[in-house]
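Report on the structure
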Amino acid sequence: MKQKSVFLPRDQFGQPVHAHGGQIVSHQGMYYWIGEDRTGRNRVACYRSANLRDWEFRNHILTVDSPAKPHPQMPTDLRLCVEGAGCNIERPKVLFCRESGQFALWMHWELPDNYLEARCAVAVCDTIDGDYTYLGSFRPIGHMSRDCTVFQDEDGSAYFISSARDNFDTHIYRLSPDYLAIDRLERVLWPGQQREAATVFKRRGVYFMLTSGCTGWTPNQSSYGWARNLAGEWSIRRNLGDETTFRSQPTWVLPVYNAAAGEFDYWYLGDRWGGRGHYFESQYVLLPLRFAGDTELSLEWLEEIDL
Ligand code: GAL
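What counts as what
Residues numbered from 1 in each chain as written. Predicted model: local features only at pLDDT ≥ 70, side-chain atom pairs only at ≥ 80, totals over all residues. Heavy atoms only, no water. UniProt positions renumbered as here; feature names shortened; annotations may be inferred. Helix = DSSP H or I, 4+ residues; strand = E, 2+ residues; numbered from the N terminus. Rg over C-alpha atoms; globule rule 2.2 N^0.38 Å. Buried < 20%, exposed > 50% of the residue type's maximum accessible area, 1.4 Å probe, protein only. Contact = heavy atoms within 4.5 Å. Areas by Shrake-Rupley, 256 points an atom, 1.4 Å probe, with all protein chains shown as cover. Lys, Arg positive; Asp, Glu negative; His and termini not counted. Charge placed at Lys NZ, Arg CZ, Asp CG, Glu CD. Pairing = 2+ DSSP bridges. Axes fitted to C-alpha atoms, helices over the stretch in contact; angles between N-to-C directions. Near = heavy atom within 4 Å. Polar contact = N/O pair within 3.5 Å; in protein donor to acceptor, adjacent residues only side chain to side chain. Nonpolar A, V, L, I, M, F, W, Y, C, P; charged D, E, K, R; others polar. Patch = residues over 30% accessible without salt bridge, like charges linked within 9 Å, V, L, I, M, F, W, Y side chains within 5 Å. Salt bridge = Lys/Arg side-chain N within 4 Å of Asp/Glu carboxyl O.

Under an unreviewed UniProt entry, the name given to the chain is Family 43 glycosylhydrolase, and the source organism is Candidatus Alectryocaccomicrobium excrementavium. Its UniProt record gives the chain a comment under Sequence similarities (unreviewed entry), which states: "Belongs to the glycosyl hydrolase 43 family."

Once that is clear, we can look at the overall build of the chain. Helix and strand counts for the chain come out as zero helices and 23 strands. Relative to the compact-globule value of 19 Å for 307 residues, the chain shows a C-alpha radius of gyration of 18 Å, a close match. Along the first, second and third principal axes, the C-alpha set of the chain runs to 50 × 45 × 40 Å. Burial analysis of the chain (307 residues in total) assigns 56% to the buried set. Of the contacts made within the chain by residues no fewer than 6 positions apart, 49% connect residues no fewer than 24 positions apart. Surface summary for the chain: the accessible area is close to 12,900 Å², and the carbon and sulfur share equals 48%. Averaging the locations of the 32 positively and 39 negatively charged side chains of the chain gives two centres separated by 2 Å.

A few words on the sheet that holds strand β4 (residues 30–36). Pairing is antiparallel across the open sheet formed by four strands, whose spatial order is β3-β4-β5-β6. Two strands lie at the open edges of the sheet, namely β3 (20–27) and β6 (56–63), each paired on one side alone. Adjacent strand axes in the sheet meet at a mean angle of 20°, parallel and antiparallel pairs treated alike. Where strand β5 (residues 42–49) lies against β6, six bridges are found, and the strand directions are antiparallel. Note that in β6 the partner of Y47 across the bridge is F57.

This next bit is on the site of the ligand. As a matter of local geometry, the ligand sits amid E90, R91, Y115, D147, E196, G216, W217 and Q249. Within the side chain of R91, one N or O atom sits 3.0 Å away from an oxygen atom of the ligand. The protein chains hide 91% of the 310 Å² of surface that the ligand would expose on its own. Class assignment of the residues belonging to the shell around the ligand gives a composition of two nonpolar, two polar and four charged.

Our next topic: a nonpolar patch on the surface. A surface patch of nonpolar side chains, amounting to about 220 Å² of accessible area, comprises I141, L185 and V188. Owing to a relative accessible area of 52%, I141 belongs among the exposed residues under this scheme.

Turning next to the side chain of N59. Its location among the elements puts N59 in strand β6. Polar side-chain contacts of N59 include one of 3.0 Å to the backbone oxygen of D129. Contacts of N59, omitting those with residues within four sequence positions, involve V44, A45, C46, D129, G130 and D131.

The next point concerns the environment of L185. Tracing the backbone through its elements, the reader meets L185 in strand β14 (residues 182–189). When neighbours within four sequence positions are excluded, L185 is seen to be in contact with I141, H143, H171, I172 and Y173.

Turning next to the pattern of salt bridges. For the structure on display, the rule yields 21 salt bridges. Residue E36 pairs with R38 through a salt bridge whose shortest N-O separation is 2.9 Å. Taking relative accessible area as the criterion, E36 reaches 1% and is therefore assigned buried. By relative accessible area, which is 23% here, R38 ends up partly exposed. Between R91 and D147 there is a salt bridge, and its shortest N-O distance comes to 3.2 Å. A residue pair is termed long-range when its members are at least 10 positions apart, and R91 in strand β7 (residues 88–97) and D147 in the loop between β10 (133–138) and β11 (148–152) qualify at 56 residues. In terms of burial, R91 and D147 fall into one category: buried.

Laid out in structure tokens, this is it:
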């Protein structure tokens, strides 16, 4: 099944798929795409697909009107939107917690006009595409927290990763067993190197982290680092893709089982942002990641991809 590597799909109603800064995860034999939807009072949307090409809108899983309840473990600011000001939710990602049987939704929370609050936020739901209950926003262990992602390891431990200290550092936090709270700061990565748009995946026992530089909506050179222990030493960063990452910014890496090869392929999902005033024209970039050995990664340009 061939399709363009740069695309903006339509859902079953003919509406553009708004799932920016998001993730595609597989769950119960289907792919779910979760991401930013800034239309109206919506904040996070969820779509579903059997083939990664035809997307069915499922739900606005987090809206300004979502129910809120106090966080079970920690003090948070429970206002999703601040009266008279609003709110900005970016880079939402879910994790399924086997221990609780619930989905935890982590995201970046800001007031609409600037990025000064630098908080993360968390919500919870019994189903991946249901109505999430908002549990509030906060700064993880007091640290500034902007662009963010999540990662779940094979042993069930889960991590929240975010740009800290005015984006100068990248923090890896371990989550609590129910994935709803920050347990501890595991690692400060690449201090002073100003990285954004982190996404983490694991292949053959090696962890990879993709990040971009910090140029707002304008694309820049992405890079990757690797580690054999998530909380241990990480490599220096190496460039990925061209100087604009093919006019995209990383948001997720999707493992897809390749039956012919007998192992997983890894697909780079990036945002080609429309930018200020053109946010809703933002498109997606999907390209296969290539591996030379266990720790070397590359991303090459393809006009068309074969799913
Ligand atoms: C990017 C960031 C996006 C959004 C944008 C706003 O660098 O990755 O999620 O915050 O800046 O300018």
